[in-house]
Amino acid sequence: MARMLSLLGCGEEAACLSFDRLQRMAPAAHDALAAVARDERVHDALLRGLLARLPPAGPNSRALVAMRSVHKGLGQGDPGLQCAGIAALDSAVCTLLSGMLRRGTHLPWHGPLRAVLRKIRDDEARHVAVTQAIALRNGETNKLRAAAAQLRHDLVVALTLAGNDFEALGIDPDRTLAAIAGLPTGLLRS
Ligand SMILES: [Fe+2]
Ligand SMILES: [Fe+2]
């Protein structure tokens, strides 16, 4: 669990920085992006809080390196493409968290764990709506969806390296990764 949270947490740090940068690049969407950046800072703190209470685990360094490079790639391109990538990433995080929260998984018992994961999932769903709307105002559907598909591909490569951690939590890695690999049909279409 600690390894999975570290993987999610490295995204929160990166997300805070990309939203700060995007606010400067897309001033028209400043307030919406500022609200998302605030959420990401809360997520970062919540995940750190959970990690401090869980039994420590050696890091899955390969997965972390791959995940950081996914986030680095998100900072490239114009605001439309960046927002398309963020919408693709946050919607994948929703899928991942829903998989973790499903009945029958072996999440360790820990007071606020499920509540925190649920809160992050619900916030990420809102971020998808915000970033998708900005992307559609700033780019063509085909290009946006291509950037989103590339992001999902890179994300699956990174998460595949954490397959053992999925299994240890009672989450079927094949099923989860297949769900993340496919871009939702309605995503980034006006
Ligand atoms: Fe987040
Ligand atoms: Fe987010």
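All values reported here derive from a predicted model rather than from experimental measurement.

Caption draft 1: Inspection of the overall build of the protein at higher detail. Secondary structure assignment for the protein yields eight helices and zero strands. Each helix and strand of the protein, ordered N terminal to C terminal, gives the series α-α-α-α-α-α-α-α. Over its C-alpha trace the protein gives a radius of gyration of 16 Å, about what one expects of a compact globule, namely 16 Å for 190 residues. In terms of principal-axis extent, the alpha carbons of the protein reach across some 45 × 30 × 30 Å. Excluding contacts between residues fewer than 6 apart, the proportion of contacts in the protein whose partners are at least 24 apart in sequence is 82%. With an accessible surface of roughly 9100 Å², the protein has 55% of that area assigned to carbon and sulfur atoms. For the protein, the centre of its 23 positive side-chain charges and the centre of its 18 negative side-chain charges are spaced 2 Å apart.

Caption draft 2: How the structure looks around the coordination of the iron ion (ligand 1). The iron ion (ligand 1) binds to the protein through Glu12 (OE), Glu12 (OE), Glu40 (OE), His43 (ND1) and Glu124 (OE), with metal-donor distances spanning 2.0 to 2.5 Å. In primary-sequence terms, the residues that donate to the iron ion (ligand 1) follow E-x27-E-x2-H-x80-E. A gap of 3.6 Å separates the iron ion (ligand 1) and the iron ion (ligand 2), which glutamate 40 links by coordinating each metal. With a gap of 31 residues between them, glutamate 12 in helix H1 (residues 2-25) and histidine 43 in helix H2 (residues 30-53) connect regions that are remote in the sequence. Taken individually, glutamate 12 and histidine 43 each receive the classification buried, so the pair is uniform in this respect.

Caption draft 3: Region of the structure containing the coordination of the iron ion (ligand 2). At the metal site, the iron ion (ligand 2) is ligated by Glu40 (OE), Asp90 (OD), Glu124 (OE) and His127 (ND1), and these contacts range over 2.0 to 2.3 Å. Geometry at the iron ion (ligand 2) is irregular, judged from its four donor atoms and the angles of 82 to 140° they form at the metal. Sequence positions of the donors to the iron ion (ligand 2) reduce to the motif E-x49-D-x33-E-x2-H.

What counts and how
- Residues numbered from 1 in each chain as written.
- Chains lettered and ligands numbered in written order.
- Predicted model: local features only at pLDDT ≥ 70, side-chain atom pairs only at ≥ 80, totals over all residues.
- Heavy atoms only, no water.
- Helix = DSSP H or I, 4+ residues; strand = E, 2+ residues; numbered from the N terminus.
- Rg over C-alpha atoms; globule rule 2.2 N^0.38 Å.
- Contact = heavy atoms within 4.5 Å.
- Areas by Shrake-Rupley, 256 points an atom, 1.4 Å probe, with all protein chains shown as cover.
- Lys, Arg positive; Asp, Glu negative; His and termini not counted.
- Charge placed at Lys NZ, Arg CZ, Asp CG, Glu CD.
- Donors = N, O, S within 2.8 Å, 3.2 Å for Na, K, Ca; no water.
- Buried < 20%, exposed > 50% of the residue type's maximum accessible area, 1.4 Å probe, protein only.
- Tetrahedral: all angles 85-135°; square planar, octahedral: opposite > 155°, others 65-115°.

Scope: geometric values only; no functional claims are made or implied.
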